[in-house]
Amino acid sequence: MNSMYAVALTGKNALTLQKREYPTIGPDEVLLKVHAIGVCGSDLRIYQNGDDRVHYPRVIGHEIAGEVLEIGSQVTRFRMGDRVTLGAHIPCGECYFCQKNEGHFCVLGRSVGYQIDGGFAEYVVLPKEFIENGSIQKIADNTSYELASLSEPFSCVLSGLHEVKMEAGDTVVVYGAGAIGCMYIAAAKKMGAAKVIAVQRSKPRQKLALEAGADIVIDPTITDTVQKVREETEGLGADTVIITAPSAQVQKEALEVAKQLGKLLFFAGNKSVKETSLNTNHIIYKQLHIVGTHGAPRHLHIEAVKWIDEMLIDFSFFVTHTFPLAETEKAFQTALDKDGLKVVVIPTQ
Ligand SMILES: [Zn+2]
Ligand SMILES: [Zn+2]
């Protein structure tokens, strides 16, 4: 066992299966055998556009679940064979935000699969800062690695619901029914949303939105979303609006869809359009509560693992495709095709 396979990003739109040296770890490090690694929307963005923090060749991927294989002599928190799932961020532990337990805003901005090699590989080395300040959570014996790999994206969903302050009884509009959108739909229902209205263009995902628990799906190519939401809410508009579709048009429309005193979550980054003009009078005169979220603090990653261990919603629904490591490129293409929801690579397959 002196080599391993990894899929490295070697340039834009270039993923290369490489035979690499079997990793050796230092006294403060942990070696993890990767059992499942999810393809994140951010992985797709890095694949297509590159990222300032990612230098080639780099093994990307941060939605990792796996098994502790080797432990450095100084590491006391883990045992060999521990089954774990990871958060994405590598907080330094010392900066202003880390001290405030908001390590996802660490000034160093380090994440697994960005400045260090991530999970599209047979093994991944977890560095000291990650072990000390990041999130490595043990999973229940009967939780599969495949579902455990959803803990990172789901922690981001929980962070959004937490910040937007959705309440039981709310009518919730969710724009976009990809993996994240469907997680929002299912979690909002579980947390007591009275009615969830999904807005989704593609037909396959309209069906998935309903299966995830949406009460109504609006196809914006044939229905006026603002009008339809008013019809469904006695003319008042939605209590909570969650935007998981990266669209400036949707961001504008969301302000109209919300009722007076409504709450809005801007979740999806809008990479192609840097500036969006919004009718700020809606914000003022409707007294809207608007938040954005990005990533998740550690305590919400712990919550996410609890949701998965307890199967508070049907997490198996979100994983629609799995691929072996050698087919990582195909996994990325499948995710880009947007027919299904979460695509997960299983390096042990
Ligand atoms: Zn992710
Ligand atoms: Zn920090």
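Bear in mind the structure is a predicted one, so any value in this text is a computation, not a measurement.

Peer 1: What am I meant to see in the overall build of the protein here?
Peer 2: For the protein, the count of helices and strands is twelve helices and 15 strands. Judged by the C-alpha coordinates and their principal axes, the protein covers about 65 × 40 × 40 Å. Taken across its 349 residues, the protein has 48% of its residues classed as buried. Counting only contacts in the protein whose residues sit at least 6 apart along the sequence, the fraction spanning at least 24 positions is 70%.

Peer 1: Please clarify how helix H1 (residues 41-49) should be interpreted in this entry.
Peer 2: In an α-helix there are 3.6 residues to a turn, and that puts residues three or four apart on one side. Along H1, the residues classified as buried are Ser42, Asp43, Ile46 and Tyr47. The buried residues of H1 occupy an angular sector of 145° when the element is viewed end-on, so they sit on one face. Along H1, exposed side chains directed more than 90 degrees from the buried face belong to Gln48 and Asn49. Positive phi appears at Gly50, one or two residues downstream of H1, with a value of about 75°.

Peer 1: I would appreciate a short explanation of the domain arrangement of the protein in the present structure.
Peer 2: One frequent convention defines the size of an interface as the accessible area lost when the parts assemble. Split by domain assignment, the protein resolves into domain 1 (3-149 + 314-346) and domain 2 (155-292). A C-alpha centroid distance of 29 Å is found between domain 1 and domain 2. Taken together, the contacts link eight residues of domain 1 with eleven residues of domain 2. Class assignment of the residues belonging to the side of domain 1 that touches domain 2 gives a composition of three nonpolar, one polar and four charged.

Peer 1: Explain the packing of helix H5 (residues 151-164) against helix H11 (residues 298-309) to me, please; I cannot follow it from the model alone.
Peer 2: Contact geometry for H5 and H11: axes closest at 8 Å, N-to-C directions at 110°. Here H5 lies roughly perpendicular to H11, going by the angle between them. In this structure, the crossing between H5 and H11 has a hand that is right-handed. Counting all contacts with H5, which are made through Ser151, Glu152, Phe154, Ser155, Leu158, Ser159 and His162, the residues of H11 involved are Leu300, His301, Glu303, Ala304, Val305, Trp307 and Ile308. Grouping the constituent residues of the contact of H5 with H11 by class yields seven nonpolar, five polar and two charged.

Peer 1: Where do I start with the nonpolar core in this structure?
Peer 2: Most often, soluble globular proteins have nonpolar side chains that are buried together. With 106 residues, the main nonpolar core has Val173, Cys182, Met183, Ile185, Ala198, Ile242 and Ile243 as its most contacted residues. In terms of residue count, helix H6 (residues 179-190) provides more of this core than any other element does, nine residues in total. Each of two domains, domain 1 (3-149 + 314-346) and domain 2 (155-292), supplies a minimum of three residues to this core. If sequence neighbours within four positions are ignored, Ile243 has contacts with Tyr175, Val250, Gln251, Ala254, Leu265, Phe266, Phe267 and Ala268.

Peer 1: Would you mind showing me how to read the environment of Val217 here?
Peer 2: Inspection of the secondary structure assignment puts Val217 in strand E10 (residues 216-218). On the basis of neighbour counts, which here come to 20 C-beta atoms within 10 Å, the residue Val217 falls in the buried class. Along the primary structure Val217 and Gly118 are separated by 99 residues, whereas in three dimensions their C-alpha atoms are 36 Å apart. With near-sequence residues (within four places) excluded, Val217 lies in contact with Ala198, Gln200, Gln206, Ala209 and Leu210.

Peer 1: How do you make sense of the sheet that holds strand E9 (residues 195-199) when you look at a structure like this?
Peer 2: Picture the strands of a sheet paired through backbone hydrogen bonds; they go either parallel or antiparallel. Strand order in the open sheet made by the six strands is E10-E9-E8-E11-E12-E13, with parallel pairing throughout. Edge positions in the open sheet fall to E10 and strand E13 (289-292), since each of these has one partner strand only. With direction set aside, neighbouring strand axes in the sheet form an average angle of 20°. Inspection of the sheet shows strand E11 (residues 238-243) paired to strand E12 (residues 258-266) by five bridges, in the parallel sense. Bridge assignment links Ile242 to a residue of E12, and that residue is Leu265.

Peer 1: How do you make sense of helix H12 (residues 328-337) when you look at a structure like this?
Peer 2: Those residues of H12 lying buried are Thr328, Ala331, Phe332 and Ala335. Seen end-on, H12 carries its buried residues on one side only, within an arc spanning 100°. Elements in contact with the buried residues of H12: strand E1 (3-11), strand E2 (14-21), H1, strand E14 (319-324) and strand E15 (342-346). A positive phi of about 60° marks Lys338, the residue just after H12.

Here is what the cut-offs are and how they apply
- Residues numbered from 1 in each chain as written.
- Chains lettered and ligands numbered in written order.
- Predicted model: local features only at pLDDT ≥ 70, side-chain atom pairs only at ≥ 80, totals over all residues.
- Helix = DSSP H or I, 4+ residues; strand = E, 2+ residues; numbered from the N terminus.
- Buried ≥ 20, exposed ≤ 12 C-beta atoms within 10 Å, placed from the backbone.
- Contact = placed C-beta atoms within 7 Å.
- Arc of directions from axis to C-beta.
- Domains from an automatic or database assignment.
- Nonpolar A, V, L, I, M, F, W, Y, C, P; charged D, E, K, R; others polar.
- Axes fitted to C-alpha atoms, helices over the stretch in contact; angles between N-to-C directions.
- Parallel < 35°, antiparallel > 145°, perpendicular 65-115°, else oblique.
- Left-handed = near helix turned anticlockwise from the far one by under 90°.
- Core = buried A, V, L, I, M, F, W, Y, C linked by C-beta atoms within 7 Å.
- Pairing = 2+ DSSP bridges.

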